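# Notes for the structure review
The primary structure of each chain is shown beneath.
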Amino acid sequence: FIVPGASESAQAFEISPADVKGAKRRRDVGGILVSLDEFDSAAFVVLTTDAKLFANYQEMVLQVAKPSATWMEELARIELEATETTDARLEEVQQRTADSTKLLAEARKQLDEAKTLLNAGDFRSSYTASQRSLRNSRQLQQISWKKATGSAPPTASVFTASYYSLPEHYRMRRMIEETSFSNNLLRGGSFDNGGTLDEAGWSYDPHVTDDARASALLVPAGTGRALEIKVQPASEDPYVLENTRVQIASPPIRVEEGQIIRIRGKIKIPADITGSVDGAMVFDSLGGEALALRFTRSTASEPFEMYRPVRESGEVRLHLMMTGLGSCQFDDLSIEVASPKTIAHEPGSRPVAQSVTEPNTNR
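Let us look at the structure shown here. (Residues numbered from 1 in each chain as written. Predicted model: local features only at pLDDT ≥ 70, side-chain atom pairs only at ≥ 80, totals over all residues. Heavy atoms only, no water.)

Attention now goes to the overall build of the chain. Counting secondary structure elements, the chain contains five helices and 18 strands. A globule of 363 residues ought to have a C-alpha radius of gyration of about 21 Å, yet the chain, at 26 Å, is considerably larger. If you line up the chain on its principal axes, its C-alpha atoms span 75 × 55 × 40 Å. Sorting the 363 residues of the chain into buried and exposed places 43% on the buried side. (Helix = DSSP H or I, 4+ residues; strand = E, 2+ residues; numbered from the N terminus. Rg over C-alpha atoms; globule rule 2.2 N^0.38 Å. Buried < 20%, exposed > 50% of the residue type's maximum accessible area, 1.4 Å probe, protein only.)

Right under this line is the structure:
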């Protein structure tokens, strides 16, 4: 990577909780080009002309190298054990990836090496070996997760939001293939019938500041109508809109424990939504905002689909929300239910960390 504006005489070094080492650097177009031999999920690199700074960091790292290496080895072990458990459960549903054996074996090899180095007092090398073990575990998780989600958003299914619940995702998908869904139970979801949304039981809940104006209208779309939510600036476009949430909720629909809900619809965004990282959101009362589908980029009429298992009998609502500047249109919304004979189990919790080698209340 290139660091623009760095002094040509600056030295580069990489810092971890267990090591301080020099990094390769050379002058390049636009600044100083720094190269790292290995890269994890993050790295801390310092460029400085102060020769004393390197020694200062080395002294600091020496004080924390042992507990850092100990905790990193423990983290790698817990992550590997959890990955092995989930991989075995994926094999039960015949969805194990081809790279599983190789990646797990390499992760176990690096973990064993990390433990040996830790016992020998080589904390720097042990920390690095633990990182390599973690990297192999995460790589397997990523491959398996991408295989399960494909092009669908990860929150389209409650069980694809995490690698550890992928076996439940495949079980639920098999149930979906073996059952049939009801007709659309959502009143007014096509927006083509006469009358207002209020009459159909929909609710409108705008929260905007003086910086913006909000509206929700039924507008012409093709041969029918669509629901348009729009937020416009009151004056100049604010860079970020705080506390702006224009929400429309559907009427409640009764659901029973053991059912699977399928939510479908279409969204159209004429231009990119600005002022918010969330943009337009679609979520249900079972999954909540954490499992919302989020749209910020301009798109023609795009279909979306979500699946939710019902854990407890009650009611479900569909929520449509706008959190930035722009507009979006929703159409052909539907909520359908299926009642398979069995339902996927809750995803198993991840293993709990065992006591550390050297207990520390500041950990």
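One pass over the structure, following the stated rule, counts 22 salt bridges. Salt-bridge contacts for Arg89 lead to Glu168; the nearest nitrogen and oxygen are separated by 2.3 Å. Separated by 79 residues along the polypeptide, Arg89 in helix 1 (residues 51-92) and Glu168 in helix 4 (residues 166-177) bring together distant segments of the chain. A relative accessible area of 4% means that Glu168 is categorised as buried. Residues joined by salt bridges that share partners form a network here, namely Glu38, Asp40, Arg132, Arg135 and Arg138. (Salt bridge = Lys/Arg side-chain N within 4 Å of Asp/Glu carboxyl O.)

To continue, consider the sheet that holds strand 15 (residues 299-309). Spatial strand order, 8-9-18-12-15: five strands in an open sheet with antiparallel pairing. The open sheet terminates on both sides in strands that have one partner only, identified here as strand 8 (212-221) and strand 15. For this sheet, the mean inter-axis angle between neighbouring strands, taken without regard to orientation, is 25°. Of the pairings in the sheet, the one linking strand 8 to strand 9 (residues 224-233) comprises ten bridges and is antiparallel in character. Bridge pairing links Ala212 to Pro233 in strand 9. (Pairing = 2+ DSSP bridges. Axes fitted to C-alpha atoms, helices over the stretch in contact; angles between N-to-C directions.)

To continue, consider the nonpolar core. Formed by 35 residues in total, the largest nonpolar core has its most connected members in Trp202, Val282, Leu318, Leu320, Phe330 and Leu333. Top element by residues in this core is strand 18 (residues 326-338). It accounts for five residues. Look past the residues within four positions of Phe330 in its chain and what remains in contact with it is Phe191, Ala226, Leu227, Ile229, Lys266, Ile267, Met281, Val282, Phe304 and Leu320. (Core = buried A, V, L, I, M, F, W, Y, C linked by side-chain atoms within 4.5 Å. Contact = heavy atoms within 4.5 Å.)

Take the packing of helix 1 against helix 2 (residues 100-119) next. Two elements in contact, helix 1 and helix 2, have axes separated by 10 Å at closest approach and are oriented at 155°. The angle between the axes of helix 1 and helix 2 places the two elements in the roughly antiparallel class. In the crossing of helix 1 with helix 2, the sense of the turn from one axis to the other is left-handed. Between helix 1 and helix 2, the contacting residues are Ala69, Thr70, Glu73, Ala76, Arg77, Leu80, Thr83, Glu84 and Asp87 on the first element and Ser100, Leu104, Ala107, Arg108, Leu111, Ala114, Lys115 and Leu118 on the second. Residue classes in the contact of helix 1 with helix 2 are distributed as eight nonpolar, three polar and six charged. (Parallel < 35°, antiparallel > 145°, perpendicular 65-115°, else oblique. Left-handed = near helix turned anticlockwise from the far one by under 90°. Nonpolar A, V, L, I, M, F, W, Y, C, P; charged D, E, K, R; others polar.)

Bringing the side chain of His169 into the picture now. As for its placement among the helices and strands, His169 is situated in helix 4. In this structure His169 comes out as buried when scored by relative accessible area, which is 10%.

Looking now at the layout of surface pockets. Volume-wise, the largest pocket comes out at about 420 Å³. Around the largest pocket sit 23 residues that line it, and Ala152, Pro153, Ala156, Glu305 and Tyr307 are the ones nearest its centre. Counting residues per element, the ones that place at least two in the lining of the largest pocket are helix 3 (123-149), helix 4, strand 14 (293-295) and strand 15. As a volume, the second largest pocket reaches approximately 330 Å³. If you trace the second largest pocket, you find 18 residues lining it, with Glu14, Ser16, Ala42, Tyr127 and Gln131 closest to the centre. At the level of elements, strand 2 (11-16), strand 3 (19-22) and helix 3 are the ones that each hand at least two residues to the lining of the second largest pocket. Considering each element in turn, the lining of the second largest pocket owes the most residues, five residues, to helix 3. Tallied by class, residues from the lining of the second largest pocket come to seven nonpolar, four polar and seven charged. (1 Å grid on protein atoms, 1.4 Å probe; cavity = no way out; pocket = protein on both sides within 12 Å on 5 of 7 lines; lining within 4 Å. Points joined across faces, edges and corners; volume = space filled by probe spheres on them.)

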